[in-house]
Amino acid sequence: AQSVTQLGSHVSVSEGALVLLRCNYSSSVPPYLFWYVQYPNQGLQLLLKYTTGATLVKGINGFEAEFKKSETSFHLTKPSAHMSDAAEYFCAVRGAQAGNNRKLIWGLGTSLAVNP
Amino acid sequence: NAGVTQTPKFQVLKTGQSMTLQCAQDMNHNSMYWYRQDPGMGLRLIYYSASEGTTDKGEVPNGYNVSRLNKREFSLRLESAAPSQTSVYFCASSEISVARPGPFNEQFFGPGTRLTVL
């Protein structure tokens, strides 16, 4: 069965420090991968996505992620954290089987805290 | 475009009461979804509708019913609310095309409904 694992349910960084949020997935087919962000008391919005082509994907707010097939990973990074980056981040992969390819398989989320 | 809208934003129910959560999207998307979000459990799919006229169960359908009223609207009904259904509920939509499979699973989310069942 497909799954998405986000290592670390809580990550804390200092303002200006590197942000690294980890995501590993399992998929029997070439994956479509997504990172979403959820700010407090809001819905989720798409940060970035990988479908095909270039493995380094750039998203909004200075975030990027690299698809590494050999490591089945899609880690999210940002060179310099800002206070406004404090949020919950979710990694997801498209369902691979014929019955669930209209759905996303979600990780449990990582809560990012940014300290002044 | 308003995107995905949900009503109400907040609701408090007593055990056994019923209610319907409303969701509408103005992006002409085929697929719509209902999720619940609970601390430490991420997003769990309750029901989804791949296209107008169809609905399917997700991971946690028990205690819920849905109606895909038309292409725009997808409602979630709790017939007899229980405290275990206290949660934040999100509706989402996406454009899925069988003829063009690919990066169309991006889902667009509503702002959520915060439901408390006492």
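Everything below is about the structure shown above.
Remember, predicted model here, so these are calculated numbers, not experimental data. (Residues numbered from 1 in each chain as written. Chains lettered and ligands numbered in written order. Predicted model: local features only at pLDDT ≥ 70, side-chain atom pairs only at ≥ 80, totals over all residues. Heavy atoms only, no water.)

## Overview of the state of the cysteines
Residue and element names in this part refer to chain A. Scanning the entire structure with this criterion turns up 2 disulfides over all chains. The disulfide bridge from Cys23 ends at Cys91, spanning 1.9 Å between sulfur atoms. One quick way to see it: the torsion about the S-S bond of Cys23 and Cys91 is about -65°, and its sign makes the bridge left-handed. Of this pair, Cys23 sits in strand S3 (residues 19-26) while Cys91 sits in strand S9 (residues 87-94), and the two are 68 residues apart along the sequence. We note that Cys23, like Cys91, is buried. (Disulfide = S-S within 2.5 Å. Helix = DSSP H or I, 4+ residues; strand = E, 2+ residues; numbered from the N terminus. Buried < 20%, exposed > 50% of the residue type's maximum accessible area, 1.4 Å probe, protein only.)

## Observations regarding the interface of chain A and chain B
In this complex, chain A contributes 20 residues to the contact, which on the side of chain B involves 23 residues. For the pair chain A and chain B, the two sides together bury roughly 1,800 Å², of which 55% comes from carbon and sulfur. Here chain A is connected to chain B by 1 salt bridge. A salt bridge links Glu106 of chain B to Lys49 of chain A; the nearest nitrogen and oxygen atoms lie 3.2 Å apart. Remark: the boundary between chain A and chain B carries 5 residue pairs in polar contact (both at pLDDT 80 or more). At the level of elements, strand S4 (33-38), strand S5 (44-50), S9 and strand S10 (104-106) of chain A are the ones that each hand at least two residues to the side of chain A that touches chain B. (Contact = heavy atoms within 4.5 Å. Buried area = accessible area lost by both parts, 1.4 Å probe. Salt bridge = Lys/Arg side-chain N within 4 Å of Asp/Glu carboxyl O. Polar contact = N/O pair within 3.5 Å; in protein donor to acceptor, adjacent residues only side chain to side chain.)

## A closer look at unusual backbone geometry
With an omega dihedral of -10°, the bond running from Thr7 of chain B to Pro8 of chain B counts as a cis peptide bond. For Pro8 of chain B, the location among the structural elements is in the loop between strand S1 (4-7) and strand S2 (10-13). One non-glycine residue with positive phi stands out, namely Asn61 of chain A, at about 60°. You can see Asn61 of chain A is positioned in the loop between strand S6 (56-58) and strand S7 (64-68).

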